[in-house]
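# A closer look at the structure
If you want the building blocks of each chain, they are given just below.
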Amino acid sequence: MPTAVLVPIAVICLGTSRGAVDMVVLLGAVPSVATGVLGALDRVPPLLMRAGRSMGATGAVAVRPILLPAALPGVVSDPWGRLYGPPHRIQGA
């Protein structure tokens, strides 16, 4: 949703206060950040999860020691998944 749409809604609901500005910024930024984090989590190699399961980390226990460190480079460097897109082959001689 474009952030410009949220400005009148924020002014009607919260007036011209700091809360209105915070609401517009949060509602504009959270979806893109969440998309980047979910994309980075999808790119965690399954081998790391299998290794963690073999050491006893299952469910929510596996998030902090396995998923977060493995996904952090993707969150920081490539939030929209441009570098890990579909592979391109060079066709030629």
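See the structure printed just above.
Overview of the structure. (Residues numbered from 1 in each chain as written. Predicted model: local features only at pLDDT ≥ 70, side-chain atom pairs only at ≥ 80, totals over all residues. Heavy atoms only, no water.)

## Remarks on the packing of helix H3 (residues 46-54) against helix H4 (residues 63-77)
Interhelical geometry of H3 versus H4 gives an angle of 160° and a closest axis separation of 10 Å. Relative to H4, the element H3 lies roughly antiparallel. For H3 against H4, the interelement crossing comes out right-handed. On H4, the residues that touch Leu48, Met49 and Gly52 of H3 are Ile66, Leu67 and Ala70. Residues of the contact of H3 with H4, tallied by class, amount to 5 nonpolar, 1 polar and no charged. (Axes fitted to C-alpha atoms, helices over the stretch in contact; angles between N-to-C directions. Helix = DSSP H or I, 4+ residues; strand = E, 2+ residues; numbered from the N terminus. Parallel < 35°, antiparallel > 145°, perpendicular 65-115°, else oblique. Left-handed = near helix turned anticlockwise from the far one by under 90°. Contact = heavy atoms within 4.5 Å. Nonpolar A, V, L, I, M, F, W, Y, C, P; charged D, E, K, R; others polar.)

## Side note on the environment of Gly36
Positionally, Gly36 belongs in helix H2 (residues 18-42). The class for Gly36 is buried, based on a relative accessible area of 4%. Along the primary structure Gly36 and Gly74 are separated by 38 residues, whereas in three dimensions their C-alpha atoms are 8.0 Å apart. (Buried < 20%, exposed > 50% of the residue type's maximum accessible area, 1.4 Å probe, protein only.)

## So, the pattern of salt bridges
One pass over the structure, following the stated rule, counts 1 salt bridge. Residue Arg18 is joined to Asp22 by a salt bridge in which the shortest nitrogen-to-oxygen separation is 3.1 Å. Of this pair, Arg18 and Asp22 both sit in helix H2, separated by 4 residues, roughly a single helical turn. (Salt bridge = Lys/Arg side-chain N within 4 Å of Asp/Glu carboxyl O.)

## Quick look at the environment of Pro65
Structurally, the position occupied by Pro65 is in helix H4. Placed 13 residues apart in sequence, Pro65 and Gly52 show a C-alpha to C-alpha distance of 8.6 Å.

## A short note on the nonpolar core
Counting 8 residues, the largest nonpolar core is built from Ala40, Val44, Met49, Ala57, Ala62, Ile66, Leu67 and Ala71. At 3 residues, H4 tops the list of elements feeding residues into this core. Not counting chain neighbours up to four residues away, the residues in contact with Ile66 comprise Leu48, Met49, Gly52 and Ala57. (Core = buried A, V, L, I, M, F, W, Y, C linked by side-chain atoms within 4.5 Å.)

## Some thoughts on the packing of H2 against H4
Contact geometry for H2 and H4: axes closest at 8 Å, N-to-C directions at 120°. Looking at the two axes, H2 sits oblique to H4. H4 is crossed by H2, and the crossing has right-handed handedness. Facing Val37, Ala40 and Leu41 of H2, the residues of H4 in contact are Leu67, Ala71, Gly74 and Val75.

Function cannot be inferred from these measures alone, as they are strictly geometric.
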